[in-house]
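The primary structure of each chain is shown beneath.
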Amino acid sequence: KCDAGAGENAKQMEAKGLEVFPMIFVSVEGQGMDRYTRAVDASSLSSFIQTKLQPSTDEDVFPYSEELITADYPVFVKFFETWCSRCLAMKKAFESAASRMVGRVMFMEIECSSSDEAGAFCMKHGVDGYPSLLLLGGGFKTPVPYGGDRSVEGFVEFLEQ
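Residues numbered from 1 in each chain as written. Predicted model: local features only at pLDDT ≥ 70, side-chain atom pairs only at ≥ 80, totals over all residues. Heavy atoms only, no water.

J.: So, the overall build of the chain: which residues are in play, and what are the values?
T.: A tally of helices and strands in the chain yields five helices and seven strands. Across the chain, helices and strands are ordered from the amino to the carboxyl terminus as α-β-β-α-β-β-α-β-α-β-β-α. With the principal axes as the frame, the chain shows a C-alpha extent of 60 × 30 × 30 Å. The 161 residues of the chain split such that 39% are buried. (Helix = DSSP H or I, 4+ residues; strand = E, 2+ residues; numbered from the N terminus. Buried < 20%, exposed > 50% of the residue type's maximum accessible area, 1.4 Å probe, protein only.)

As structure tokens, then:
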């Protein structure tokens with residue numbers, strides 16, 4: 001607990017760009033730490049935590065295969081690296097969103113350093129940081145970047161638009 005408005009704390013918070021309060025961070029073993037950015041009420045926070053605690057499976061997330069990306073079906077692609085802590089932190093949310101979107105959007109992940117082919121695909125799409133998320137195929141003329149909340153709800157809301 002920190003009183004952000006008290007004395008020297010206010011100056012330090014402002015210097016670090018911390019301006020919105022309260023700030024809530026949720027950490028679950030094996031998933032890293034996520035900043036909670038939604039409504040600060042018991043129901044919303046409880047739903048967020050329950051989603052993080054639900055078991056997930058990667059069976060609805062396909063490994064990289066450029067043949068999966070066609071005009072017939074949208075594919076939400078996660079570009080990642082195994083050493084990336086932010087990639088690890090969003091893994092469960094990505095898997096859970098994939099399970100919710102089965103039959104509507106295909107989810108695929110690609111480790112950019114795993115092969116020359118994977119690296120070329122990442123370069124083709126301008127990936128310069130991890131994780132990067134793009135919606136490809138499905139009739140989209142150009143890739144649609146995702147820059148929202150890296151949560152199940154954030155992914156699903158974006159994909160349902």
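J.: So what's going on with the state of the cysteines? Residues and values would help.
T.: One way to say it: the disulfide is the covalent bond shared by the sulfur atoms of two cysteines. Throughout the structure, instances matching the rule amount to one disulfide. There is a disulfide in this structure between Cys 112 and Cys 122, and the S-S distance comes to 2.0 Å. Every disulfide takes its handedness from the sign of the S-S torsion; for Cys 112 and Cys 122 that torsion is -85 degrees, giving left-handed. Taken together, the residues span a long stretch of sequence, with Cys 112 in the loop between strand S5 (106-111) and helix H4 (116-124) and Cys 122 in helix H4 at a distance of ten residues. For the pair Cys 112 and Cys 122, a shared accessibility class is recorded, and that class is buried. (Disulfide = S-S within 2.5 Å.)

J.: Tell me about the packing of aromatic side chains, and please be specific about residues and values.
T.: Scanning the model with the defined rule gives twelve aromatic pairs in all. Each residue in the set Phe 76, Phe 94, Phe 107, Tyr 146, Phe 155 and Phe 158 is aromatic and connected to the rest through ring pairs, giving one cluster. The ring of Phe 80 is capped by Lys 78, whose NZ or CZ atom sits 5.1 Å from the centre of that ring. (Phe/Tyr/Trp six-rings, centres within 6.5 Å; stacked < 30°, edge-to-face > 60°. Lys NZ or Arg CZ within 6 Å of the ring centre and 35° of its normal.)

J.: So what about the packing of helix H2 (residues 42-53) against helix H3 (residues 85-100)? Which residues, and what values?
T.: Interhelical geometry of H2 versus H3 gives an angle of 90 degrees and a closest axis separation of 9 Å. Classified by the angle their axes make, H2 and H3 are roughly perpendicular. Where H2 abuts H3, its residues Thr 51, Lys 52 and Leu 53 lie against Ala 89, Lys 92 and Arg 100. Partitioned by chemical class, the residues of the contact of H2 with H3 number two nonpolar, one polar and three charged. (Axes fitted to C-alpha atoms, helices over the stretch in contact; angles between N-to-C directions. Parallel < 35°, antiparallel > 145°, perpendicular 65-115°, else oblique. Contact = heavy atoms within 4.5 Å. Nonpolar A, V, L, I, M, F, W, Y, C, P; charged D, E, K, R; others polar.)

J.: Can you lay out unusual backbone geometry for me, pointing to particular residues and giving the numbers?
T.: For the peptide bond that leads from Tyr 130 to Pro 131, omega is -10 degrees, which places it in the cis range. Inspection of the secondary structure puts Pro 131 in the loop between H4 and strand S6 (132-137).

J.: Could you give an account of the packing of H3 against helix H5 (residues 152-160), naming the residues involved and the relevant values?
T.: H5 packs onto H3 with a crossing angle of 45 degrees between their chain directions and a minimal axis gap of 8 Å. Our classification of the angle between H3 and H5 gives oblique. Of the two elements, H3 crosses H5, and the hand of that crossing is right-handed. Residues Met 90, Ala 93, Phe 94, Ser 96, Ala 97 and Arg 100 of H3 form the contact with H5, whose own contacting residues are Val 152, Phe 155 and Val 156. (Left-handed = near helix turned anticlockwise from the far one by under 90°.)

J.: Break down the side chain of Glu 109 for me, with residues and values.
T.: With respect to the helices and strands, the residue Glu 109 is situated in strand S5. Polar side-chain contacts of Glu 109 include one of 3.1 Å to the side chain of Lys 78. Once you skip the residues sitting within four places of it in the chain, Glu 109 turns out to touch Val 61, Phe 62, Pro 63, Tyr 64, Lys 78 and Phe 80. (Polar contact = N/O pair within 3.5 Å; in protein donor to acceptor, adjacent residues only side chain to side chain.)

J.: For the pairing of S6, give the residues involved together with the corresponding values.
T.: Counting buried residues along S6, six of its six residues qualify, which places the element largely inside the surrounding structure. Across six bridges, strand S4 (residues 74-80) lies against S6 in antiparallel orientation. Looking at S6, one finds that Val 77 is bridged to Leu 134. In terms of strand pairing, S6 meets strand S7 (residues 144-145) through two bridges, oriented antiparallel. Bridging from a neighbouring strand, Leu 134 pairs with Pro 145 of S7. Turn length for the S6-S7 hairpin, with the two strands adjacent in sequence and antiparallel, is six residues, and the turn residue Gly 138 shows positive phi of about 60 degrees. (Pairing = 2+ DSSP bridges.)

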